[in-house]
Amino acid sequence: MKNSVTKKLLLGAVVLPVLFSGAAIAQERPEAYASDGRGEVARDSSGDCWRTGYWTPAMATYECDPELMPKPDKTVEAPAEPAPAPAPVPAYTEPEKVSLSADQLFDFDKAVLKSEGKQALDDIVSKLGGIKYDTIVAIGYADRIGSDNYNKKLSMRRAEAVKAYLVKEKGIPADKVFTDGKGEANPVTGDSCKGNKKTKALIACLQPDRRVEVEVAGTKETVQ
């Protein structure tokens, strides 16, 4: 009887550890990668992770097999809004001055525009296309033949005749055109013409002094 009891106890001692060991194995998850003593994934000399015999693609990790992992979706950023275009800036122009012979515009000692004078003013306006007029100044001059007072008035009448044509025939606003008469001032000929009598020779010599200067200042409608 004693021997029989002893065998049962030994049998129990042997069977129980085996049952518990089987339960532990059933619960343990196979390792896909070998690890070192610190629990970190072991790597070879190339830096690649060591795969165990349990490894399958389903067990891959991004740390060891990133090429097997699904690529993260790329966030597409909306294109930046283009910067607003700078506001157009008109290009300011230097005042342009045109000097016309009074003999071309008027008969001698007259202030009525000739056909040649009208054509000359037409040419000026056509060349100034694309300019927004700020001011147009017509300044009349006379030669030194005659009195100062008479020449002053004559030069002013000629400047006013130019303004009247630009306003009535070319449609330029009257408040944009200014006139002045300088008389004998600022002679172009200087002292080159001798004498004071109204001879044909002196009249011809002083011809450059009989003039009307048209000066235009404004802004071009083109932008920079």
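Structure first, text after, so check above.
Residues numbered from 1 in each chain as written. Predicted model: local features only at pLDDT ≥ 70, side-chain atom pairs only at ≥ 80, totals over all residues. Heavy atoms only, no water.

(A) Quick peek at the overall build of the chain. Scanning the chain for helices and strands turns up five helices and five strands. In sequence order, the chain lays out its α and β elements as α-β-β-α-α-β-α-β-α-β. Out of the 224 residues belonging to the chain, those deemed buried represent 26%. Taking the intrachain contacts of the chain between residues at least 6 apart in sequence as the baseline, contacts between residues at least 24 apart amount to 66%. Accessible area of the chain: about 16,000 Å², with a carbon and sulfur share of 57%. (Helix = DSSP H or I, 4+ residues; strand = E, 2+ residues; numbered from the N terminus. Buried < 20%, exposed > 50% of the residue type's maximum accessible area, 1.4 Å probe, protein only. Contact = heavy atoms within 4.5 Å. Areas by Shrake-Rupley, 256 points an atom, 1.4 Å probe, with all protein chains shown as cover.)

(B) Geometry of the nonpolar core. Counting residues in each nonpolar core, the largest one holds 22 residues, and the members touching the most others are Leu105, Phe106, Leu121, Ile136, Val162, Leu166 and Val214. Looking at this core, the elements with two or more residues in it are helix 2 (102–105), helix 3 (115–127), strand 3 (131–140), helix 4 (148–168) and strand 5 (211–223). When residues no more than four places from it in sequence are discounted, the contact partners of Leu121 are Leu100, Leu113, Val162, Tyr165 and Leu166. Counting seven residues, the second-largest nonpolar core is a separate cluster that includes Ala32, Cys49, Trp55 and Met59. (Core = buried A, V, L, I, M, F, W, Y, C linked by side-chain atoms within 4.5 Å.)

(C) Structural detail: unusual backbone geometry. Backbone geometry at Asn186 places phi at a positive 50°, although glycine is not the residue there. Examined against the element boundaries, Asn186 turns out to sit in the loop between strand 4 (177–181) and helix 5 (200–205).

(D) Spotlight on the environment of Gly140. Tracing the backbone shows Gly140 in strand 3. When its relative accessible area of 0% is taken as the criterion, Gly140 is described as buried. Along the primary structure Gly140 and Met156 are separated by 16 residues, whereas in three dimensions their C-alpha atoms are 5.8 Å apart. Sequence-distant contacts of Gly140, defined by excluding residues within four places in its chain, comprise Ser155, Ala159, Asp180, Gly181, Lys182, Gly183, Arg211 and Val212.

(E) Structural view of the state of the cysteines. Using the criterion set out here, one finds two disulfides in the structure. The disulfide bridge from Cys49 ends at Cys64, spanning 2.0 Å between sulfur atoms. Given an S-S torsion of about -80°, the disulfide between Cys49 and Cys64 has left-handed geometry. Of this pair, Cys49 sits in the loop between helix 1 (2–27) and strand 1 (90–92) while Cys64 sits in the loop between helix 1 and strand 1, placing them 15 residues apart in sequence. Each member of the pair, Cys49 as well as Cys64, carries the same accessibility label: buried. Paired by a disulfide, Cys193 and Cys205 hold their sulfur atoms 1.8 Å apart. What sets the handedness of the Cys193 and Cys205 disulfide is the S-S torsion sign, and at about -90° it is left-handed. With Cys193 in the loop between strand 4 and helix 5 and Cys205 in helix 5, the pair connects residues that are 12 residues apart, well separated along the chain. Accessibility expressed as a relative area gives 5% for Cys193, which makes it buried. (Disulfide = S-S within 2.5 Å.)

(F) Up close: helix 4. Between its first and last C-alpha atoms helix 4 spans 30 Å; for 21 residues at 1.5 Å apiece the expected length is 30 Å, and the two agree. Listed in full, the buried residues belonging to helix 4 are Asn151, Leu154, Ser155, Arg158, Ala159, Ala161, Val162, Tyr165 and Leu166. Across the axial projection of helix 4, the buried residues extend over an arc of 150°, all falling on one side. Within helix 4, the exposed residues directed more than 90 degrees away from the buried face are Asn149 and Lys168. (Expected span 1.5 Å × (residues − 1). Arc of directions from axis to C-beta.)

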